[in-house]
Each structure stands twice: as C-alpha cells, then as structure tokens.
Amino acid sequence: MAESKARTGVEPSDRVVIGITFGNSNSSIAYTVDDKAEVIANEDGDRQIPTVLSYVDGDEYYGVQAKSFLVRNPTNTIAYFRDFLGKEFKSIDPTHCHASAHPKDVSGNISFSVKDQPESEEASDVNISETAARYFRRLVGSASDYLGKKVTSAVITVPTNFNDKQREALIKAANDADVEVLQLIADPVAAVLAYDARPDAEIKDKIVVVADLGGTRSDVAVIASRGGMYTILATVHDYEFAGVNLDQALMDHFAKEFIKKHNKDPRENVKSLAKLRLEAEATKKALSLGTNAQFSVESLLDGFDFSSTINRLRYEMVARKVFEGFNRLVEGAVKKAELDVLDVDEVIMCGGTSHTPRIANNLAGIFPETTTILAPATSATAINPSELQARGAALQASLIQEYDANDIEQSTHAAVTTVKHIANAIGVLTIGANGEEVFSPVMQVETAVPARRTVHIAAPKAGGDVIIKVVEGGTHIKVTKPEPKAKEEKPADEDDSDFDSDEDEEEEHREKIWKTGKQLAEAAIKDVKANGKVEVTVNVLGDLSVTVTAREVGGKGGIRGTLTAP
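Criteria and thresholds
- Residues numbered from 1 in each chain as written.
- Predicted model: local features only at pLDDT ≥ 70, side-chain atom pairs only at ≥ 80, totals over all residues.
- Heavy atoms only, no water.
- Buried < 20%, exposed > 50% of the residue type's maximum accessible area, 1.4 Å probe, protein only.
- Phe/Tyr/Trp six-rings, centres within 6.5 Å; stacked < 30°, edge-to-face > 60°.
- pLDDT = per-residue confidence, 0-100.
- Contact = heavy atoms within 4.5 Å.
- Pairing = 2+ DSSP bridges.
- Helix = DSSP H or I, 4+ residues; strand = E, 2+ residues; numbered from the N terminus.
- Axes fitted to C-alpha atoms, helices over the stretch in contact; angles between N-to-C directions.

*Asks:* Tell me about unusual backbone geometry, and please be specific about residues and values.
*Replies:* You will see that S107, though not glycine, has its phi angle at about 55°, which is positive. Since its relative accessible area comes to 75%, S107 is described here as exposed. If you check the backbone angles, E338 has positive phi at about 60° while not being a glycine. For E338, a relative accessible area of 73% corresponds to the exposed category.

So, in structure tokens, the structure goes:
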C-alpha cells in the first residue's frame, strides 16, 4: 500500500517535503522555513550523516554510529554503496568496500551478505535497492522526528553522470521507503540554487564552476546562469582525487612513523588499517579548522599505542600530489566547456573535502581576482560546503510541493527542459569617444530562449543622430607579452655563469576582450538630446527569431525590426 502511494503521489495539501543529498560518503537532509533552508541534524546531532548501515545482534545502526563499527564489526557494516544503484555487478568498482561488507554477485545483481536478524548465525543477502531503501527510511525517520510530522515527499540531488537506470533505481529505493520523489535535480544545480536563493543574492548572468569534492569522488561542472535558468556546459568526474586520497596520504605518513618506532606496518593488519583510516580522516578535518592536529590511536598494532602531531604545512606537503589533482580537474572542466578561466565569474566549492583551505587557496591562484571563490577559506559569506546541495534540494522542494505529481513530471520532462539556447552573444556596436567601435553585450552566450534583455547606450555629449548596430559577439583572450629588456653590457672579465636571465622577466598579461561577428541589424535614432541615452531591447523567441527595438530614453516613438530564425 505504501509503495503504491509513493508511486501515485501524495495530495499536494498533505505533503511534508524535505531536500535530500544522498551521497556516497555522507548524506544530508534539509527543509525550508520562511523561505530559508535549514539542514536537519539527526538524533545523534549530526548534520553530515555517513552513508553507512551496520547490524549488531539484529539491531540496525546508521550514520556515525554505524561508521564506528567499521573497526569492530566490518563484515556486517555496509558503506559506500550509493554509486552501485542501478548497476550490474560486473560494472562496479568495489575498492572502497574492502574495509566493510563486500558486494557480492547474485544473478548479476549487487547484494551484501550481513547478519541483520537477531540471534541468527546465518547471513542474509540484502540487495542494493533494499540497502538504499533502509538508509532512506533512517534519513526520513530522523527528519520526521525533528519536524514532528511524517515526511511524505522529497527532492533528491544526483550526480550529473547518473544515467536513467541509476535514476530509476534511486527513485524506487525512495519509494520503497514510502517517500514520494517530487524531482531529482543535479548536484551542481542544487549548489547554485542554495547561493542564488539568499536574500542578498543578485541574480545576474554569469558562468559558475561548481567543484563538488566528496569523500570517494570529485565532480566538477561548468554552468551558465542566464536570467535565472541554468545550463550545464561541461562536467568531469574523477575517482582518483577525493577525500579518501587525502586520508591515504596521512595514513602513509603516520604508518611510516609507526614503522620507524616499532618496525611493523599497521597497514598490513585489517583492524589496524581501519583504525588508521578513521583517525586520518579526523586529523584531516582538524587541519581544515586549525593549523595543528593530534593523531592518536590506542592499541594501533600488537598493543602499541601511537601518538603524533602534524601541522598544516607538513600535511599540505605530504598530500601535494592530491591537491595538484584537484587543480587539474577544475582546469580540465573549464577547458572542456571551451572557456577560459577569465570567463568564470564564480567558483562554488561544495562537498566535505571543500573545507580544506589549501584547495580553495590553490583555486584562487588559478582564477583571476575578479572571480569569486565561494569557500570557507576564501569567503566570509560562504555557505557550509557540506550543506549546499541539501539546502538547494529543500528550496526546490518548497517551490514545487503544491503542484500535482503529473504537473511536476511534465514540467521537468526532458522534452520541456531541453530548451534552445543562443550559440553566440548578441550585443550593440557603437562609436566610442575616441572613434573606435565599442561592443556592449545585451544577451550572453548560452542564454535559454525565449529571452528578453535591455541595455542603455550613452549618446554623444552634444547629442545628434545615433547609429546602432546589433551584432553577434564572442569572447577572445588577448595575451600581451612584455617586451624583452635590453641586456646591459658587462665587462668581459665578469663571470655571469650564475646570472638568471629569467628572474626579471614579467609575466604575460591576459585579458578577456569581445570580438564581434555577423551583423544582425542596424538602426538610426535621430536627434537624440545632449547627454541622452538610447535604449536597445533584444527579444529572442523560442524559434530563435529576433526582435530588436531601439528608442531614445524619455523620447517618443522608436524603431522596431524582426529577424527570422536562422
């Protein structure tokens, strides 16, 4: 009965909605109150809830409690399972599950063998769909307890590379947990939503890079925001550079210290390795907040306690290759979108690993000063990176909760959301004070249509006739290399073998400039008043036909022309 209700939908007036980020390492739940998204803590007080289930004598644990059982009860603890949804056993990489219940092949499908029944010596097979459903029940149960009423519906965030089969499996797992899925939204779009929904946010056309750096994977997306509509221009996904790789760098560092003292490697013992891994993660988090951290494990191996300290500088040195990997991921995404770093207006960092100051500082060095890096280390107004996506999902849930299930499905159908976009920017070409042509963009590239934009162009101070050319435009990166300095003459007997010819060389200067293309229209506005302005409106319809209107601000009449679609 519950499954049927979840499929057919809940009456809009009866819905209690939340946003869920179901991560491979950690998950979050959020709801909106007075148009503001708040992240919900579970019964243990955790706002970032490890995506882990553990079974002890028939009792089910989840979150932080379950994660602690990775040391004492690993074979009955299921972790890092989200990415297995909707996949066949032969296509998965179970690497991250080596320290927990290992996925097994049951008729080509993925299952976990755990003792989840009280007083049972026999392990039972729990398939991946049931595993996810059980975890969803715990998340939704925590949200219901917090809100004091049963949660019925949710908007859930998903990675951009989830295919249809994975999405369907995710919806089924939520439905099996008696949750109506109002919508699945892409992780990076949820992150942008969380920032754009702030009361002081200015909604403007911009290019945003969303660096979602998680525990077991990193995903980077380049998004064009045009008039409040989002278009994903490029995505990259990586499993080599993520939080676990930073943990591994710390584990290797402290394991070497232990080997020097005791001539034994704790990484070769399963239980010692689990202890090492949990403490390395805790140390990493401590170094994101402070400049020093204590690494301490009781009875790490053969009864030997181990304690050591590390500062942030040393940590950044031992994990340097991982940090460089994050840089390459972000640069690769920008390049894949056929953009330059100078085109990017904002970089939003989300995911637990984004708390690491070195990553944010490195990105600040890659992008120009005009690019805003939204991370705790670089911006005082940054939202907690671990909470961004859940907040965005909750905001979206509050926006659509009053619609019928069929209306939501139709409005988010691919045929509707895959709208046309203009391939080139549209702008106005005018003559500047020095006689040169000046391009003023009216509608940015990748703007979804239909769209309408207006710009005011200053007329000459003396007034008179103003000729307006409406043209297509694109950005171009202009590189100016410094002129080589003349070398000073040196006495013949002076030794210059140590002279560094590059030390005084200046760096090349790069700037984004507009390059005009095809002319679309030309108009003349006569007798504009001195110090007056001309208003140009470009209206692109859904069939890509363009209407251009030009008139003097405050004047009467004007000119209108329509261009047929290409």
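Further notes follow.
*Asks:* Can you lay out the packing of aromatic side chains for me, pointing to particular residues and giving the numbers?
*Replies:* Enumeration over the complete set of coordinates arrives at 13 aromatic pairs. Chaining the aromatic ring pairs together yields one cluster made of F22, Y62, F81, Y135 and F136.

*Asks:* Tell me about the confidence of the model for the chain, and please be specific about residues and values.
*Replies:* Confidence in the prediction for the chain averages 87 pLDDT; 89% of positions are at 70 or higher. Across residues 1-8, confidence stays below pLDDT 50; counting only partners more than four residues off in sequence or on other chains, it has 9 contacts. Predicted confidence is poor over residues 497-504, with pLDDT under 50, and the contacts of this stretch with residues over four places away or in other chains come to 2 contacts.

*Asks:* Hey, could you go over the sheet that holds strand β14 (residues 218-226) for me, with residue numbers and the actual values?
*Replies:* Read across the sheet, 5 strands follow the order β15-β14-β13-β18-β19 without closing on themselves; strand pairing throughout is mixed. Each having just a single partner strand, β15 (229-238) and β19 (372-374) make up the two edges of the open sheet. Averaged over all pairs of adjacent strands, the angle between their axes in this sheet comes to 15°, without regard to strand direction. Where strand β18 (residues 346-350) and β19 come together, 3 bridges link them in parallel fashion. Within β19, the position partnered with E346 by the bridge is T372. Of the strands in this sheet, β13 (206-213), β14 and β15 are in contact with helix α9 (residues 320-336), which crosses β15 at around 135°.

*Asks:* Can you lay out the sheet that holds strand β26 (residues 546-552) for me, pointing to particular residues and giving the numbers?
*Replies:* Either a parallel or an antiparallel arrangement is found when strands of a sheet pair, and the pairing is made through backbone hydrogen bonds. With antiparallel pairing, 4 strands are arranged side by side in an open sheet as β22-β25-β26-β27. This sheet does not close on itself; its edge strands, each paired only once, are β22 (451-458) and β27 (559-563). Sheet twist, expressed as the average angle between the axes of neighbouring strands with direction ignored, equals 15°. Pairing geometry for β26 and β27, over 5 bridges, is antiparallel. Each bridged residue has a counterpart across the sheet, and for A550 the counterpart in β27 is I559.

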